[in-house]
Every structure is written in structure tokens, then in C-alpha cells.
Amino acid sequence: MSSPTSTPVGSKPSSDGLASPPSQRRRGQDSSNGDLPAMPTSPATDIASPAVHDTSLFSSPRRSVLPSEVDMSSPLIGVRGTPVRQRPDLGSARKAPQVDLHTELPSADGAVASEQAAGQKLVIWGTDVNVGTCKEKFQRFLQRFIDPTSNEDENAGLDLNEPLYMQKLEEISVIGEPVLNVNCSHVQSFDADLYRQLISYPQEVIPTFDMAVNELFFERFPDSILEHQIQVRPYNALKTRNMRSLNPEDIDQMITISGMVIRTSQLIPEMQEAFFQCQVCAFSTRVEVDRGRIAEPAVCRNCNTTHSLALIHNRSAFSDKQMIKVQESPDDMPAGQTPHTTIVYAHNDLVDKVQPGDRINITGIYRAVPMRENPRQSTVKSVYKTHIDVIHFRKTDEKRLHGLDEDSDQKLFTEERVQTLKELAAKPDVYERLSSALAPSIYEQEDIKKGILLQLFGGTRKDFSQTGRGNFRAEVNILLCGDPGTSKSQLLQYVFNLVPRGQYTSGKGSSAVGLTAYVMKDPETKQLVLQTGALVLSDNGICCIDEFDKMSDSTRSVLHEVMEQQTLSIAKAGIICQLNARTSVLAAANPVESQWNPKKTTIENIQLPHTLLSRFDLIFLMLDPQDEAYDRRLAHHLVALYYQSEEQIEEEFLDMAVLKDYIAYARTYINPRLNEEASQALIEAYVDMRKIGSGRGMVSAYPRQLESLIRLAEAHAKVRFSDKVETVDVEEAKRLHREALKQSATDPRTGFVDISILTTGMSATARKRKEEVAQALKKMIQSRGKTPAMKYQQLFDDLRGQSEAAITKDMFEEALRALADEDYLTVTGKTVRLL
Amino acid sequence: MPSSHDWINKPLGVVEAMFAQSNSNPEWEAKVLEYFKGQLREKESHSWVPSLNDVPLHYLKPNSLVKFRCLVQDMFDPEFYMGVYETVDPSTKANVLRCGKYKDVTECGVDLNSRNTVTAERQTFYCVPIPGESPWAKESYGCSSQARVVPSTSYVPSRQKRSYEEDDDDMDTQPQKQREPHTEPHGNGDSKRQETEAPSSQTTAPSDCSSHLDLNFPLPGERGPACLVKVYEGLDSFKLNDTLEIYGILSVNPVLTVLGEEKDPSLLLLNPTESMETPEEQRAHDPPASLVPRLHMLYARPLQHNNPLLPSAPTEDQSAFVSSFLVEMASVRAELLAYLTHVLLGDGLAAEYLLLHLISNVYTRRDVLPLGKFTLNLSGCPLNSYTERLYQIVQQLVPCSYRLSMSLHTMNSMRLVPKKDYVANRLVSGALQLARNTSLFLDETQLEQGQLDSSGVRNITALGNLISWQKVDYDFSYHQMEFPCNINVLVTSEGRSLLPSDCQVPLQPQVTPPNMEEYLTTIHMAQFTSQINKFRVYLSLARTLDYSISDEVTKAVEDDFVDMRKDDPQSVTAEDLHRMLVVARLLSLSLGQTTLSRDGWMRAKHIDMLRRSRTEQQKSLNGNEP
């Protein structure tokens, strides 16, 4: 029993004997690291408590181990004096009853283990893990594993053709953070058997990994100084991904689940080892926690006084612990059920790593603890309490900071699914198919659906921050305007339901604060917390804004930044920051006069500032076409909606799922680039657009339109699953863009497409006419000779009488303003004075 | 006879016998379910099972089979329990395997380290009685269960009878009545003193309980037992807000409460399992079993409707019932229409629309669009308690209903949308957490001018979403979750409602009775109960009928629509066609016709035209007023 069974856990008397480092260094470390509660302090006291050797590390609860079975006295313990740190995450706090193997167990069970006498292979009791082999395998893995295709952000800056984990060890020696994160899928691809052992017996295997890595590390970097020995933190175990699928079989296994933190507790100091001192003879003793309990010694072993021992808090060992509640992320849930929550315990340095609201992936060991037995009661509740002891946290939204695509690694597609998607993509009419699958309950409006489809796919993200331009917007913004009751809201609702990160707000009900972010004081901690609004929440998604026209001006103004720079700046209550809001905006607006007035321009109809309008790539009008053939098709469509059978509805649902996956796949894996011909075609298209206008003395295209074209062409290439943007894509982008312009930027007075309606808010002809009126007015005033002051109303009447065209009051006032700008006259109240 | 009822009185005995026979063959679990299902399938047998809804908890025997008609209000996290465990028999010292299924507590001396322990998973649902259940439905359910008697214990029936009488008037006093026998030994027979003391304790005790423990009913002022239902099989088939009739084993073991309440602060630090629950959470998840009993589910039947007058299960009985009723359908409709016309002060058109509204039902969803909903806005309602009386009449006709008086105060203060409380880890219910086909009566005449605060705006938005999309976005603090629903919304208002609606009918009273109250009461009194019962059956039945449109009629409808558009494209839009199709559907169903006929379509068009001309008339009237 008292043999030096040194495990990485806990204080071991042998460590001093084996290692002979300069003791100064060690002491220095000790004092600097107050957060190492369970460190061996003095060998003397350790020897005084030989009865409590902790070997539970190598056993699951309800299993037991005979210490001598496990031959772990390898030389690494206390290598170079680096202290070992307890790993409560592996469950050393809950110790299994120690049972003498030979007396308790039938020989059949002991057979494997008892071979040790012959010096043969040993396995840890209850598992098939041989410490030596396991260690060796893992060292081989560390030394040899190469993953040339790795694209994880954690591996940034590492040479992918060199053994990955050796580089990480080097990093540890430089940075001094003694934690090695190991991706389980790497282990799996390297050695499937080792992976299986890791998943099934994490409690036994991980300490073995710890030993292996430390041996290797100190061999390589004998001079490095670490706070404590390196701890291996595996992550990305493929065992379980969804909280809902956890079941009793997962108990004591290593799992990875994703979820959202909803609550974190205060820090809980958990006693690892209690220190008792006798009040009579000052004899001291240590007792370790056994399944959450400290057995207080009743008799002092030194002086045999009963009940003389008192707990000394200051000399007891504690470790940090935090309870975290994690809730299933909304995407994982079946419809109509409430989300599940799971309790997670974080230990030591993982405490306070996550905040409520974070979306995280947790790797840990799933535990089930029977309810406490109550000696006073004969019956117990037959329920277990479950929790996860966390080994590794990985924030999923942290990746956003690195600017990597959110969906990578997140959405896994099965081989067959990818195959079906690719088959679908290979069809020549995939674009039409997808657009008709979009919101089938909404009739026709093919071009609008196509536009929204392209918006769902989005352009390619480009980074020009080196050249000072910053991020180049890849998201397509769309505005739908038109008569009420043309199912705009329905289309928005559909899109909102289709995309995983959609947000739906109504212009009427939302304020600038609700859209952007606001600062809130947490009632408990009095801490200021930044709460994000719809635009930030829909980062990498689509923000659907209904009743865009009803939005207040101040709210709308925040959209300016979002829609071009794709960021949100906040300066509130001492918090100044810039948040990413790479969201596509899909907005719907009603005309001001309830019915669309075809005699007016878009701007006049919806009364939105042109600065905002020009940020929309596509502006569609949803108008009632008022045509018999259309009516007939519409009626047919609607009636069909009401009597279609269940099967037909089924079919459609399948379509929606396919569409979802198709979009997710394309967004994740397809990043098309322009090829030579396509760029040429784009240039031509742009030049053509400019030419159209120049003939009539107006500008019909701006660089913004070119950017829109590029985005649309890229999106169309994505629809085809093509890595190259080709001429067909540009053609479609051109067609769609022209279609949208034709609808929204046609000057009602001339019938020409005039982009300046959208960019300056006024058509070129209107501007021309304004000038003409001003000139006419000036002429009229000049013809009157020297009259320094005139009546406003009289002047207006005179001008109306003189002019052939009808002059409205607005036009008159505009003309006056124009003349005032020329410093020709001033208007004061009801009189007009010449200067 | 008594032996045949063992499955009701001692279901655990049946379970254990099967477990003992099984020799750890896992098939025994399926056998148990099959057995109970078989028993319940027998004619009338389900009416022998006492219901938690009618019988007060303290009259029910612990560990007996009971049923509960309820709504799944919240779903707690799954829990692991000892499915099979080993105990040491104290007398023989032999190890015995025991079954932990359908039980809350284990027997003494569990060997936690035994290798034979089987851990299994179950989930707890928090169930409440169906919100807004009309008194007549409750009564009728109670009456039908009156027939059943628990034969093994002679005293139970008499007590039951007493409970029915009291059910309606003084539920509050019941817990005390039960307490009396317990206090008697202490009082040493001084019965007189007891009588005087009892009332004082009566008044305090219930209020204490309610403040201490919020039973989380969706609607204010609801009563009845809430129940923690332990579900073992088919976890995925249940959804939030499902209405179920659950048959299960009642467990009111006082140990549950003791374990929950016993808290030793010194142990909290050391024992991790205790410290993870806040007091709020404990209160929500482990309420005293005497208030919130546990029910171990053996069998659950989803309720298609909550009308006690209709055969419940979709069996041959039901189809026979339906076909026999279809014959009467048209005549019952005429009578109901006449009745509603009286109620709506002689306005036949409004009565017609109200009737259509009452049988409307979201029968399917096309992507986001719910089909079949028919929200009616009855504008121009007379003030002064007319709407209240109108609601009472609606309540008499439908099994579930709720009147939401939209006064400023209620809109600002009431919680309509359920919200997740992360501290107590439960879903705090709101008034919009309703069972399917509940009639929600929004009384906008109560709304006065004033300021809506932010929660008021949220409530109005929630109502708008409910009406337009038939969904409620539950507030999960970090995100919202959408729950589809199927609620019939009727809005009464003075002018046009501020809420959206599918159809607005301005009320045009033909009579102006001097005393409204009296007028409506007389109308109501004039109806026989049998007549009213016919109406009730009619409304529930019409809703469940199938419906289709033939190709021929489809063509006619299309032609009609094109023609209408030709005449006046401005006035007829896709929206109008949507509405007319729904009206046509409901009109056909209300007459018991399951296909749309050309006549039916013309009728629908006709009444829609009448309605529109009335709204336009109203508009022009209003236009002239200022």
C-alpha cells in the first residue's frame, strides 16, 4: 500500500527523492503560484499520512483498483522538479472505495491484472488499457502526426508539414502555458484503437497521456520552467454532438457537446484535502475528500484523545470549481420541444473562462452521481444527478474574431448528402429549380425570388485590409417595395425561417437600440454588459426588416454603417467598441400613399433617403401586374394551396431541407473567383451602363453598381457550385440587376432607366427642369426692372401665369432656393428681396 | 370482480409481477405497456379510472392508477434513474434484484456498487389542467366519471360524491376538510373548539401555499392540480402544449418532499449535487408531493378535441357518431344561427361569420403560412358589458376559451408570452400558452387612451404575430423560440381593431333592447341544455371534418377570380381570394359538406360581398363624421 505509486495526481513523497533540482527554484515557484492548492508542501507531512494514497485516478467510480497493480513509477514524475497539478476534471475528487483486488474479486476478473507478477502486460483494472503501450502510442502520435490539410485557426502559424504537436510543445516551452490541446479526430486518424481507449476510459488514459507528454517534453526541453506539468486537454471527441442524444451509455465516457452558456455560478472553493490538528498534542493529519465527504478522524493517533482534532482551514487544500449551466443551442432542437440544459463543472484554470450567452463546444467526462444516501432514511430517491466534468472549452463564436467562416466544421454533411447536393448542382436548371423551391406558397415573382436566392448565397468574402480598403462587402442587400398585401412580409418570414442566423424585426417596433446593441447593468454583479441587437445577432446571416419605411430616422441611420462597412460602432456608457455585423439586409417597404403611384419615382413613393437606397444592391417593386393571364395563374396557385394533398406538401418540405443544406454547403465550401473572361465581361457591362446614360448627359452607373454586379455574379457561381465566376454568371447578374433597375429606377417622366434616381434621389430630367424653372424665375424678376422687394404669393402667381407647364408650389420654392444659393435673392417670411 | 381491478388499485403489483417473471429479459417493459393498453381498450374501462381533474388528490389512493387530462406546460431535463437495482434482504441476507421503474424512491439498502444496476433514462413533464376549460366541459367530464366506482374500497365513492358537490362552489375549503381528521387526535375530541378554529386556519393556509408555490398556470385564476409526469417511452413524440389524457401511477410519497426540503448548509459546500440547484429551482422541480403529485406514465392518449360530449377515441364508435350527426347538421346549424343572431342583436350576417369563426381551425401550414385560420374582428360592439356577456355565451359553446380584456393596465402588466426563468430553470407560463382550438376572446372595447410601455408593446406584437402567423415566440432570454399554435382569435372592438384580422364585420344591431343584460340572459335561458349540447357537438364536429375541392370547382373559382379582377382590379386582390377560399371552406363544413360545390362558392362570394359593402359603408360614414 505504501509503495511509491506515484501518479500525476496529488502529492507524492517519492518526487523529492527522484528528482534533484536546485531547490531554490522550486521554492520560488511555489510562492509565486498561489493557485496551486494541492501541491506537495513538505515531505514530512506527506510521510505522516501514508494511508491516503490516491489511486482513484485510475478508476471509475464504482470500480476499484489495487494500487500495486499499476506500475506507474516512471521517472517522469517530478521531472526537473516541475510540480504536478491535480486534475479534478478527471474525477480525482471522487474516490472509489479501495478494495483489495485479491480478496474481493473472483479470480476470473483478476486474471488479466494478476499477470503482473510475471512481469507481463498490465492493464488497468476494469479497462483494457496498458499504461506502457498507451504511453508509447501517444508519444508516437505526438512525434509523427502531420496534418497537411489542417485549416484550424489554432494551428495558424505552424508548419503543416512538420509534426503538428511537436511544434505545439515547442510553443509551450516558449510561452510557458502548460496545456496541450489535442484534437481527438487527429488521434482517431492516427490510431483508432488509441482513440477508442481515450473515449471509453478518459479517466485512465488522459493521465497516461499526461505522463507521456511530460516525458517527451522534458527530454526535449530540459531547461524549460513550467508552472506545473503539462496537462493534455483533448477536444472534438466525436462521441456525441448533441445534448439531446446523451444517454446512460455515455456515463464516464468522454463526450463533446455544443451548447450555450446560460448561467455560471460563483467560484466554489472545493476542499481537496482537509488538515486536522489535535488540540491536545498538536499532532496533525490530512484527510482527502472521498466522494464529497471528509471523514473526520475521531481519535488522535498520537495521543489517543477522542474528538480532539480540529479542522484548520488555512492549511487545507482547496481547488477552484465553478458550476456552469449549458443549454442546447436552438439549431439542434426538434420543433415543439423545450431546450435541454446540462450542468457542467469547470475546474482550476477553466473557471471563469466562459460567460453567459457564449456558444461553446465542451469536451468532458459525463458523470452520473447517485443521490446522497441519507443514513436517517431507509429509502433513497432512485435518481442520479448528472453533470459533465469539463476538460476543454471551445467557444464557437470566438472564431468570428478571426474572420473565418462561421459554418466551417459546424455543419457536417454525410457523404450521400453531399452527393445529392452535387448531383443537384450539376443540373443545368439548378438556378431555376432552387428559386422556385423558395417560398412556394408565394406566387411567381421569379426575379425577386432569384434575387433573394443570390442573397442567401452571398458573394465571396475578400479582404483588402492590406491596401487600406478594409473588408469588401460580400453580402447582398435587397429592398422590396410595393403595394401592401403583395406578400412581402410572407417572403420575409420565409427567409427568416430558412436561414440559421436570421433575425426578423419590424421597423415599427424596433428602435436603434434594439437593432444595434445596448448596455445593461447586470442586476447581480453590477457589471455593465453589452447586449447585442438584431443586426449583430444576424452576423453571417440575414436580417429581415419589415415596414422599413416606418422606421424612425435615427434607427435608419445606424444602418448606413452596417450596410456598407459591415460593422457597428458603439460608444455607450463607457463602452466603446466596434462589432461585426456582416449581415445581409432584406427589407420591405410600403409606399407612402398606401398605393404605389406609378407616376412617381421610387424615392418619392417610399420616402427613404437616397443614401440608404444606394446601399441596396437590388431594389424590387412588388406590384400588382393587373393582367388576366397572371390573375388566372395566381388563382390556380392559391386554390391549389388550399386543396393540395398531404403528400404534395411532404414533397415540398423535403425541398426546404435540401435547399437549406444546399445553401449551407455552398456558403461553406464554395469560394468562387473571377476568371479572365468574366472580369472582361464585367468591365464591358459597366462601361455599357455608363454609356447609356452619357448619351443623355447623365450618369447611369457608379462603382457601387459594379460592386453589386460582382457580388451577384459570385453568388450565381456559388449556386452552380463553381469555383470560377464565368460569363454566364455575369450575364445573369447583369440581367437581374437590369431587371431590378428597370423596376425601381425608371424615371416616370421619361421612361428611361436613370440610376441617379437612386443615387441622388432625383432623376436627371427632374434636375434639369428645376434649373429651367429657376432660370425662368430669374428672367421674370430681371424683366421687372428695379424692384428690390416682392410679395412671395404675387411672384408665384406671376410665374404660374407666365409658364407653359404647370408649376407647383414645391417647384417654385425650389427655384427660389436655387436662386438664393446663387446669392441672387433672399427670402424672408413672405417677401423676396433682391441682393 | 375485485381481482380484475387490481390493475387500477395496485398497478405496481402488476408491474413487479411481470418484472419478476421476466428474468431480466428487457421485453418485460413492452409487455407491461401492452397489458395496460389492453386493459384500457376494453369498453368503458377507462371511465373506471379515477381522474385527477375531478377527484381531489387526498381521496386518491397512492400508487393507484389514475388519469389526468392536461396540457404539457414545461419539459424538464431528462434524468437517469436506477431501472434495476440490487438490495440486500435484511432477513435472508440474499441479494434481490428490484425494479425501479414507475417509482420515485428505492427500497432500503441499495447496493450502489452492484454490477446488476441498470441505469435508464426518463423525462419529467410539468403538466397543468387544460387552460381555459369551460365549466360545462369540466362538469360533463365529472358526470361521465360519476358512473365509475372504485369497488375495492367502500368508502371512496361516498367521499367522491361529496367532492363533486363541493367542486363548484368551495374548492378552497377542501384541503382543510381533509386536514380535520389529522388534527382530531391532537385536539382530544374537543370538536366544538375545532370548528371555531378551523375557519381561521382555512383562510390563511391556502394563501400561504399559493404565495409559496406558484403552480405556473398559463391563465390567471385557474385552479386544479398540477402534476409532474414521469415519461418513460416515446419521449420524442410529445411536444410542448400537447393536450393529453395520461394514465399513470400516482406517487405522493412524502419522502420526496422531505428530501427536497432538508438542507444542511454545511453540506452544501462539500456535496456537489446539492449545491447545483438554487432554492428556486428546487421549488420548481421538487415541489411538495402533496401539492404537485408525481404521475408515472403508463399510457398517454393525445386529445384531438376536448369536448366530453363527443366520443373521445377515433374508433368505429366515432365514425358512427359522426355519420349519424351529419344528418342533423343542417338543422342544428340553422338553430345555432338563429341563436347567434339573437345574441348579436339581430345581425344575421355577423352571426353567420361568428359561426364560421367558431369552427375555424389551422389544418395545415404551407412553409410559414398557416392555412384555415379565420380571425374575426367584430367591430361596432355596444359598450357596457355587452362584450362580457357575449363572451359568456361563447364560453357556453366551446370547450376551452379565455377572455383577455385589453385594458391598458392588463396590456402593460400581464405576461402573455411564456418566458424561460433560468434561475428556477423552468418555463414561466403566459396567457398565450394555450391548447389547440382554444377560443381567445380579445376585448378591445376595454382599451382606453394612454401610454403603452415596452412590455405593452411586446404584448401587442405577440398578439399580432399570433393572429397573422399563428405562432408565439417564447422568450428564452438569449434567443426566441417559435412555437406554432392553433388558436381561434375573436376581436371585439368599437372601431376597426388595431390588431390585424382576417375579416372584419361591423355589427349592425337590428334591435336595441333597453336592458342589454336582461335581453341576453333571457335568450340564454330560453335554450334547453339539450339544445346547447347539440350546438357544442356541432361546433367540435364541424371542425374535424375533411374537405376537398374538385378540379371542376377549382376551374370555376379561377374563372370567377379572373372575372372579378377584370371588373375592378383594385378591389379584389390575392388577399381577398385567400379569405374567400377560407370562407368557402368553412361555409361548406358548417353545412356538413366535405367538398366545395359551385353553390357553396357562390354563397361564400355573396356573404363576403355583403360584408364588404358593409365595411365600405362604415368607412364612408366615418369619413363624413369629422
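Residues numbered from 1 in each chain as written. Chains lettered and ligands numbered in written order. Predicted model: local features only at pLDDT ≥ 70, side-chain atom pairs only at ≥ 80, totals over all residues. Heavy atoms only, no water.

**Quick word on the overall build of chain B**
As a reminder of what qualifies: A run of H or I in DSSP counts as a helix once it spans at least four residues, and a run of E counts as a strand once it spans at least two, with each numbered from the N terminus. Here a residue-residue contact requires only that any non-hydrogen atoms of the pair lie within 4.5 Å. Here, Shrake-Rupley sampling with a 1.4 Å probe gives the accessible areas, and only protein chains in the shown set may cover a residue.
If you tally the helices and strands in chain B, you get 22 helices and 17 strands. Taking as baseline every contact in chain B between residues at least 6 positions apart, the subset at least 24 positions apart corresponds to 77%. Accessible surface computed for chain B: about 27,400 Å², of which carbon and sulfur atoms make up 52%.

**Regarding the nonpolar core**
So the rule is basically this: By convention a nonpolar core is built from buried Ala, Val, Leu, Ile, Met, Phe, Trp, Tyr and Cys residues, the set being connected through side-chain atoms within 4.5 Å. The buried label applies to any residue whose accessible area, calculated with a 1.4 Å probe on protein chains only, is under 20% of its type's maximum; exposed applies above 50%, and partly exposed to all values in between.
Judged by nonpolar contacts, the single largest core of 78 residues is most densely connected at Leu336, Tyr339, Leu344, Tyr353 and Tyr386 of chain B. Judged by nonpolar contacts, the second largest core, of 56 residues, contains Val418, Ile452, Leu456 and Ala681 of chain A.

**Some points on unusual backbone geometry**
Residue and element names in this part refer to chain B. Positive phi outside glycine occurs at Tyr102, with the angle close to 60°. Along the chain, the position of Tyr102 falls in the loop between strand 2 (95-99) and strand 3 (118-129). Of note in this structure, Asn241 is not a glycine but carries a positive phi near 70°. As for its placement among the helices and strands, Asn241 is situated in the loop between strand 4 (227-231) and strand 5 (243-251).

**Overview of the pattern of salt bridges**
What counts here: In the sections that follow, a salt bridge refers to a side-chain nitrogen of Lys or Arg positioned within 4 Å of a carboxyl oxygen of Asp or Glu.
All told, the structure shown has 34 salt bridges over all chains when counted by the stated rule. The salt bridge involving Asp349 of chain A is made with Arg233 of chain A; its shortest N-O contact spans 3.1 Å. Of the two residues, Asp349 of chain A sits in the loop between strand 7 (341-347) and strand 8 (359-370) while Arg233 of chain A sits in strand 2 (residues 231-235), which places them 116 residues apart along the sequence. On the basis of relative accessibility, which here comes to 26%, the residue Asp349 of chain A falls in the partly exposed class. What makes Arg233 of chain A buried here is its relative accessible area of 6%. The partner of Lys471 of chain B in a salt bridge is Glu482 of chain B, with the nearest N and O atoms 3.4 Å apart. Of this pair, Lys471 of chain B sits in strand 14 (residues 471-475) while Glu482 of chain B sits in strand 15 (residues 480-484), placing them 11 residues apart in sequence. We classify Glu482 of chain B as partly exposed; its relative accessible area is 33%. Residues participating in the shared-partner salt-bridge network are Asp576, Arg579, Asp608, Arg611 and Arg612 of chain B.

**Describing the pairing of strand 4 (residues 284-288) of chain A**
All names here are of chain A. Keep this limit in mind: We call two strands paired when DSSP finds no fewer than two bridges between them.
Strand 4 sits mainly inside the fold: 4 of its 5 residues count as buried. The sheet contact formed by strand 3 (residues 254-278) and strand 4 spans 5 bridges and is antiparallel. Bridge pairing links Gln277 to Ser284 in strand 4. The antiparallel pairing of strand 3 with strand 4 creates a hairpin that spans 5 residues between the two strands, and Ala282 there sits at a positive phi of about 65°.

**Points about the packing of helix 12 (residues 430-437) of chain A against helix 13 (residues 446-457) of chain A**
All names here are of chain A. Rules: Lines fitted to C-alpha atoms define the axes, with helix axes restricted to the stretch in contact, and inter-axis angles between N-to-C directions lie between 0 and 180 degrees. Any angle that is under 35 degrees is reported as roughly parallel, and any over 145 degrees as roughly antiparallel; angles of 65 to 115 degrees are reported as roughly perpendicular and all others as oblique. Residue type decides the class: Asp, Glu, Lys and Arg count as charged, Ala, Val, Leu, Ile, Met, Phe, Trp, Tyr, Cys and Pro as nonpolar, and the leftover types, Gly among them, as polar.
The N-to-C vectors of helix 12 and helix 13 enclose an angle of 100°; their axes lie 9 Å apart at closest approach. One finds that helix 12 runs roughly perpendicular with respect to helix 13. Facing helix 12, whose interface residues are Tyr431, Glu432, Leu434 and Ser435, helix 13 presents Glu446, Lys449, Lys450, Leu453, Leu454 and Phe457. Looking at the contact of helix 12 with helix 13, its residues break down into 5 nonpolar, 1 polar and 4 charged.

**Regarding the sheet that holds strand 24 (residues 825-828) of chain A**
All names here are of chain A. The strand order 23-25-24 describes an open sheet built from 3 strands, whose pairing is antiparallel. In this open sheet, the two strands that pair with only one neighbour each are strand 23 (789-791) and strand 24. Sheet twist, expressed as the average angle between the axes of neighbouring strands with direction ignored, equals 25°. With 3 bridges connecting them, strand 23 and strand 25 (residues 831-834) associate as antiparallel partners. Bridging across to strand 25, Ala789 finds its partner in Arg833. Together, strand 23 and strand 25 form the strand contacts of helix 27 (residues 792-802), whose direction differs from that of strand 23 by roughly 75°.

Read these as geometric descriptors, not functional statements.
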